[in-house]
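Coordinate inspection notes
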Amino acid sequence: MSENTKKGSFIKGAAILTAAGLTARVMGFGYRVILTRIIGAEGMGLYQMAYPIYTVLLVVSRSGIPVALAKLIADKIAADKKKEAYKIFKVARKMSFIVGLIISIIMALSAKPLISLLSLDPRSYYAVLAISPAIFVVSIMASYRGFFQGLQDMVPTAKSQIFEQFIRMFTMVGLVIVLVPYGLEYAAAGASFGAVSGAFGGLLILLYIYAKRKEQIFSFLESGYDSIELSTESVVKRIISLGVPITLGALVMPLMSLVDLVFVPNRLQTAGYMVREATALYGMFAAVAMPLVNFPTIITVSLSASLVPAIAEAFTLGKEKLINYRTQTALRLTVLISLPAAAGLFLLAEPLTDIIFAEPGAAVPLRFVAWGVFFIALQQTSTGILNGIGKTSIPARNLMIGAVFNGFINYTLTALPAFGIRGAALGTTIGFAIAAFLNLYYVKKETGFIINIKTMILKPFFSVISMMVFVNLFYDFLFNFLKNMKIIYSYQITTFVTVTAAAFFYFIVLLLLQEIKYNDLSVIPVFGVRLADLLKKMGFLND
C-alpha cells in the first residue's frame, strides 16, 4: 500500500461510516418525528428517561472493548503478528458475552429501585425494563465491530448500523401505535424495545458477514509471524488496561445525560413548574434539541472510529509525519463540518423544531445548545487521536472535568426562573467546550501537532460568518416572497430551501478560499472522484 493510499485510507473509512451513520440518523429522525407526533413531548420524556440509565450500564458493558480491540488488532497487524490479533478478538468476544449478560440482568432486576432512587416519573419503569435485554446483544455486536475496525474494514460496521436502525424503526413505530391506547407508559416501553430488536438485527448481519468471510479472514491471519503465543490472561489484562479508561471516558457522556435526567425535571419544579410541565420541558431538551445537535456529529463519530486504528498503525510503525497528517486532516474536517452545522441550528432553531417535531418550544434550549455541536465534534475527534496513540486515560479525565462543570451549571441555572431549561442547555455546551479544549492541548503535547491558524480558524470562521449573513437575508426574502405569492407550505419550503442554499453557499466560499482538498471530495461514494476531478480542472482544488 502506498503512502498516499495510507494517508487517505482513514478518510475513506470515515466516509463509509458517515454514509451509514447518516442513513441510520435519517431513519432515527424519522421514527423520532413520528413518535413525537403520536405521544407528544410528555411521552417522549418518559421514553427518554430510560435511555440515560440504559446508556450508563451499556457503556460499562461494552464501550471500552471495541475501541481497545481496534487499537490492539491494528497494532498487531502492523507488526505482522496476525495470529495474536485473532486471539485478542476471541478473548474480547467471550468477555463481551459474559459482561453483557450480567449487566443486562442487573438492569432488569434493579429497574424499580433505580427509578425510585433517581426520583423519576414512576411511569418510566416499563420503558427501562423493555430496553434492558439490548445491553447483552449490543455487547456481543460491539466485539465484532471492533474486530473489523481493527482490520480497518468499516463496511461490516456500516451495514450493521443501517440494518440495526431499520429494524429498530419499524419495531418502535409499530409497537407505539399498538400500545398507545393503553397509556403513554406502555407506548414508551414499546419504543424502548426497539433497541432490542434493532441490536439483534445488527448482530445477525455481522455474524453473516463474519461467516461468509471466515475462510478469507483465517487465510489472512495465518500469514503473519508470531514469535510467542499470547496467554488469555495477558490479553485480558491488556484489554482491561486500555478499555477501562476508554469506558470511563465513554461513561461520562451518559452520566451527563443521567445528571440532566436527575437535575432538570427536579430543578424545573424548583423554578415553579408542575411535574407534567417539567417532564415535557425535559422531553423538549433531551428528545428534540439534543437529537438535532447530535445529528451532525455522526461525521466526527465516524472520524473518531476510523482514526483509532489509523493512528495506532502509524504510531506502531513510528511514522510521525503520517500521524501529523492524519491529525491535521481529521481536525480540519471536524471544524469545517461542525461549525456551519452549529450556526445553522442556532439561526433556524424555531422552524426546524416546529417542522420536524411539531415542538417549536424546543427552539429555546436548542439555541443555547446549538454551539455545542462544534465542541462535541472537536471532543470526539481529539479523543480518537489520543486513543490511537494509547493515551486513553486523558480524554476520559478531560470529559469528566467538563461533566463537573456541566452538572454545576445545570443544577444552579435550571432552578432560576430566568433560565429554566436554558440552564441545562448552557451547561451542556460549556461542559463539552472545556473537554474539547483540554483534549486539544494534550493532542498538541503528545503528538507535536501545530494548529494552522489560517486553515483551521480564520478561513472556516470567515466562511461561517458569511453563511450566517446569507441565511438571515435569504430566509426573510424567500419567506416574504412565497407568502406574498400565496404559496401553500411557504414556511416549510423556505426552511428546506434555505438549509440547502446555505450549504451550497458555504461550499462555494470554501472553494474560493482554496480550503477544500481533492481527497476531501474523492472519498465521497458514487460521485466523489468525478466531482473532485472536475473542480480540480477548473482550478478550485488542491491535492
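This text gives an overview of the structure that appears in the document. Because the structure is a prediction, the values reported are computed rather than measured.

This part is about the overall build of the protein chain. Counting secondary structure elements, the protein chain contains 21 helices and zero strands. A globule of 543 residues ought to have a C-alpha radius of gyration of about 24 Å, and the protein chain, at 23 Å, matches this closely. Expressed as a percentage of its 543 residues, the buried residues of the protein chain come to 56%. Partitioning the intrachain contacts of the protein chain with sequence separation of at least 6 by distance along the chain shows that 82% fall at a separation of at least 24. Of the accessible surface of the protein chain, which amounts to about 22900 Å², a share of 69% is contributed by carbon and sulfur atoms. With 46 positive and 27 negative side-chain charges, the protein chain shows a spacing of 2 Å between the two charge centroids.

What follows is about the side chain of Glu164. Residue placement: Glu164 occurs in helix α6 (residues 155-179). Note on Glu164: relative accessible area 14%, which makes it buried. Contact partners of Glu164, with chain neighbours within four places excluded, come to Met141, Arg145, Gly198, Ala199 and Gly202.

This next bit is on helix α17 (residues 421-447). In this model, α17 (27 residues) spans 40 Å end to end at C-alpha, consistent with the 39 Å of a helix rising 1.5 Å per residue. Note on α17: the residue one or two positions beyond its end, Gly448, has a positive phi of about 75°.

Right, let's talk about unusual backbone geometry for a bit. Glycine aside, residues mostly have negative phi, and peptide bonds are mostly found in the trans state. One non-glycine residue, Lys486, lies in the positive phi region at around 60°. We classify Lys486 as exposed; its relative accessible area is 73%. For Tyr489, which is not a glycine, the phi torsion comes out positive at approximately 60°. With respect to the secondary-structure elements, Tyr489 resides in the loop between α18 (453-484) and α19 (490-512). Overall, Tyr489 belongs to the exposed group, its relative accessible area being 58%.

Bringing the pattern of salt bridges into the picture now. With the rule as written, the count across this model stands at six salt bridges. One salt bridge in this structure joins Glu164 and Arg145, with 2.9 Å as the shortest N-O distance. Placement of Glu164 in helix α6 and of Arg145 in helix α5 (residues 134-150) is noted, with a sequence separation of 19 residues between them. Classification of Arg145 by relative accessible area gives buried; the value is 15%. Sharing partners across several salt bridges, the network here consists of Arg332, Lys459 and Glu515.

With that settled, consider the packing of helix α2 (residues 82-109) against α5. One can describe the packing of α2 onto α5 by two numbers: an axis separation of 7 Å at closest approach and a directional angle of 165°. Classed by the angle they form, the pair α2 and α5 counts as roughly antiparallel. When the axes of α2 and α5 are compared, the crossing they make is right-handed. Between α2 and α5, the contacting residues are Tyr86, Phe89, Ala92, Arg93, Ser96, Phe97, Gly100, Leu101, Ile103, Ser104 and Met107 on the first element and Ala134, Ile135, Phe136, Ser139, Ile140, Ser143, Tyr144 and Phe147 on the second. In terms of residue class, the contact of α2 with α5 is made up of 13 nonpolar, five polar and one charged.

Conventions adopted
- Residues numbered from 1 in each chain as written.
- Predicted model: local features only at pLDDT ≥ 70, side-chain atom pairs only at ≥ 80, totals over all residues.
- Heavy atoms only, no water.
- Helix = DSSP H or I, 4+ residues; strand = E, 2+ residues; numbered from the N terminus.
- Rg over C-alpha atoms; globule rule 2.2 N^0.38 Å.
- Buried < 20%, exposed > 50% of the residue type's maximum accessible area, 1.4 Å probe, protein only.
- Contact = heavy atoms within 4.5 Å.
- Areas by Shrake-Rupley, 256 points an atom, 1.4 Å probe, with all protein chains shown as cover.
- Lys, Arg positive; Asp, Glu negative; His and termini not counted.
- Charge placed at Lys NZ, Arg CZ, Asp CG, Glu CD.
- Expected span 1.5 Å × (residues − 1).
- Salt bridge = Lys/Arg side-chain N within 4 Å of Asp/Glu carboxyl O.
- Axes fitted to C-alpha atoms, helices over the stretch in contact; angles between N-to-C directions.
- Parallel < 35°, antiparallel > 145°, perpendicular 65-115°, else oblique.
- Left-handed = near helix turned anticlockwise from the far one by under 90°.
- Nonpolar A, V, L, I, M, F, W, Y, C, P; charged D, E, K, R; others polar.

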